[in-house]
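Per-entry structural report
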Amino acid sequence: MSKTGVMICGHGSRDEEAVAEFQSLARGMRERLPQYDVESGFLEFARPTIHEGLEKLVKRGITEILAVPAMLFAAGHVKNDIPWELNSFAASHPEISLSCGRDLSIDPKLLVAARDRIQAAMETAGDNVPAADTLLMVVGRGTNDPDANSNVSKVARMLWEGIDMGWAEVCYSGVAYPHVDEGLERVAAMSFRRIIVFPYF
């Protein structure tokens, strides 16, 4: 009889706090999925690696592994790097059934969480500026993949319309344009009384 495990694949970071947040996510998944053996690993910059996480599952007798990329959008890491890691592992473990899920994508639950944080930021500001006089600046990570970049624009549009703010713009922290400084310079010249900057990473 096969035993099924779940491998949560993270990007990885040199920032210890970011790594700790991902590990907290993995612990939460273990609690929510008690019927599976759940392991986690990083693509780069942190340990354990995805390969090391997969090895742990195999050593515990897992014969079927479902890999889940814990990343917002399907750019190069989800489309190329994680499949390469999984295929390389599968080639050396032919006795294991290994499949991969999709990115988190544009999900209603993520949009609700984003909306709540934006509204909390407006309330915390305490300046009584109405939403109609507020510009929302959504900051994406930025990638060479235009499909992933366009998803940031879709998220910005959905948040803008959902909260009924005055306007929304998009910028990126790296790779894609406009960068954050360029984006902020542009929106600062507009007539809005307040700008809410929301990183969507």
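Note that the structure is a prediction, hence the values are computed from the model and not measured. (Residues numbered from 1 in each chain as written. Predicted model: local features only at pLDDT ≥ 70, side-chain atom pairs only at ≥ 80, totals over all residues. Heavy atoms only, no water.)

What about the state of the cysteines?
A covalent bond bridging the sulfur atoms of two cysteines is what the word disulfide describes. What counts, and what does not: When two cysteine sulfur atoms are found within 2.5 Å, that pair is recorded as a disulfide.
The final tally for this structure, using the stated rule, is 0 disulfides. Between Cys100, a cysteine without a disulfide, and Cys9, which holds the nearest cysteine sulfur, the sulfur-to-sulfur distance is 6.3 Å.

Notes on the environment of Asp37
Worth spelling out the cut-off: Elements are defined by DSSP. Helices are runs of H or I of four residues or more, strands are runs of E of two residues or more, and each kind is numbered from the N terminus. In this analysis, two residues are considered to be in contact whenever any of their non-hydrogen atoms come within 4.5 Å of each other. Any pair of nitrogen or oxygen atoms within 3.5 Å is treated as a polar contact; in protein, a donor-acceptor pairing is required on top of that, and neighbouring residues in sequence qualify only through side-chain atoms on both sides.
As for its placement among the helices and strands, Asp37 is situated in strand E2 (residues 37–42). In sequence terms Asp37 and Ile62 are 25 residues apart; their C-alpha atoms lie 7.9 Å from each other. With sequence-adjacent residues up to four places away left out, Asp37 is seen in contact with Thr4, Gly5, Val6, Leu57, Arg60 and Ile62. Polar side-chain contacts of Asp37 include one of 2.8 Å to the side chain of Arg60.

Structural notes on the packing of helix H4 (residues 108–125) against helix H5 (residues 146–163)
To keep it simple, the criterion reads: Convention adopted: a line fitted to C-alpha atoms gives each axis, helices being fitted over their contacting stretch, and angles between N-to-C directions are expressed from 0 to 180 degrees. An angle counts as roughly parallel when it lies under 35 degrees, as roughly antiparallel when it exceeds 145, as roughly perpendicular when it falls between 65 and 115, and as oblique in every other case. In this scheme the handedness of a crossing depends on how the near helix is turned from the far one: anticlockwise by less than a right angle means left-handed, clockwise means right-handed. Any residue outside Ala, Val, Leu, Ile, Met, Phe, Trp, Tyr, Cys, Pro, Asp, Glu, Lys and Arg is labelled polar, Gly included; the first ten of those are nonpolar and the last four are charged.
Remark: H4 packs on H5, axes separated minimally by 10 Å, with the N-to-C direction vectors making an angle of 60°. Relative to H5, the element H4 is oriented oblique. For H4 against H5, the interelement crossing comes out right-handed. Here Leu111, Ala114, Arg115, Ile118, Gln119 and Met122 of H4 lie close against H5, whose contacting residues are Val155, Met158, Leu159 and Ile163. Residue composition of the contact of H4 with H5, by class: 8 nonpolar, 1 polar and 1 charged.

Comments concerning the sheet that holds strand E5 (residues 134–140)
Our working definition: Any two strands with at least two DSSP-identified bridges between them are counted as paired.
With respect to topology, 3 strands assemble into an open sheet ordered E6-E5-E7, the strand pairing being parallel. Of all strands in the sheet, those with a lone pairing partner are strand E6 (167–172) and strand E7 (194–199), marking the two edges. Adjacent strand axes in the sheet meet at a mean angle of 25° when their direction is disregarded. Two elements, E5 and E7, share 6 bridges in a ladder whose sense is parallel. Along E7, the bridge assignment pairs Val138 with Phe198. The strands touched by H4 within the sheet are E5 and E7, with E7 carrying the most contacts at an inclination of about 145°.

A word on a nonpolar patch on the surface
Our working definition: Candidates for patches are residues over 30% relative accessible area with no salt bridge; among them, like charges are joined within 9 Å and nonpolar side chains (Val, Leu, Ile, Met, Phe, Trp, Tyr) within 5 Å. Under the convention used here, a 1.4 Å probe and the Shrake-Rupley method define accessible areas, while residue burial counts only the protein chains that appear. For salt bridges, the criterion is a side-chain nitrogen of Lys or Arg within 4 Å of an Asp or Glu carboxyl oxygen. Partly exposed residues are those whose accessible area sits between 20% and 50% of the maximum for their type, while under 20% is buried and over 50% is exposed, using a 1.4 Å probe and protein chains only.
Where nonpolar side chains cluster on the molecular surface, the patch consists of Leu184, Ile195 and Val197 and spans about 190 Å² of accessible area. In this structure, Val197 sits in strand E7. Using a relative accessible area of 40% as the deciding quantity, one classes Val197 as partly exposed.

Comments concerning the nonpolar core
The line we're drawing: Nonpolar cores are built from buried Ala, Val, Leu, Ile, Met, Phe, Trp, Tyr and Cys residues. Side-chain atoms within 4.5 Å join them into one set.
Formed by 24 residues in total, the largest nonpolar core has its most connected members in Ile118, Leu136, Leu159, Met165 and Tyr200. Sorting the residues of this core by element identifies H4, E5, H5, E6 and E7 as the ones contributing at least two each. For Tyr200, the residues in contact, after removing those within four places along its chain, are Leu72, Phe73, Leu110, Ala114, Val138, Val139, Gly140, Arg141 and Val155. Counting residues in each nonpolar core, the second largest holds 17 residues, with Cys9, Leu43, Ile50 and Leu86 among its members.

Description of the environment of Pro130
Looking at the element boundaries, Pro130 is found in the loop between H4 and E5. According to the relative accessible area criterion, Pro130 is partly exposed, its value standing at 37%. The spatial distance from the C-alpha of Pro130 to the C-alpha of Arg60 is 56 Å, given a sequence separation of 70 residues. Aside from chain neighbours lying at most four places away, what touches Pro130 is Arg193 and Arg194.

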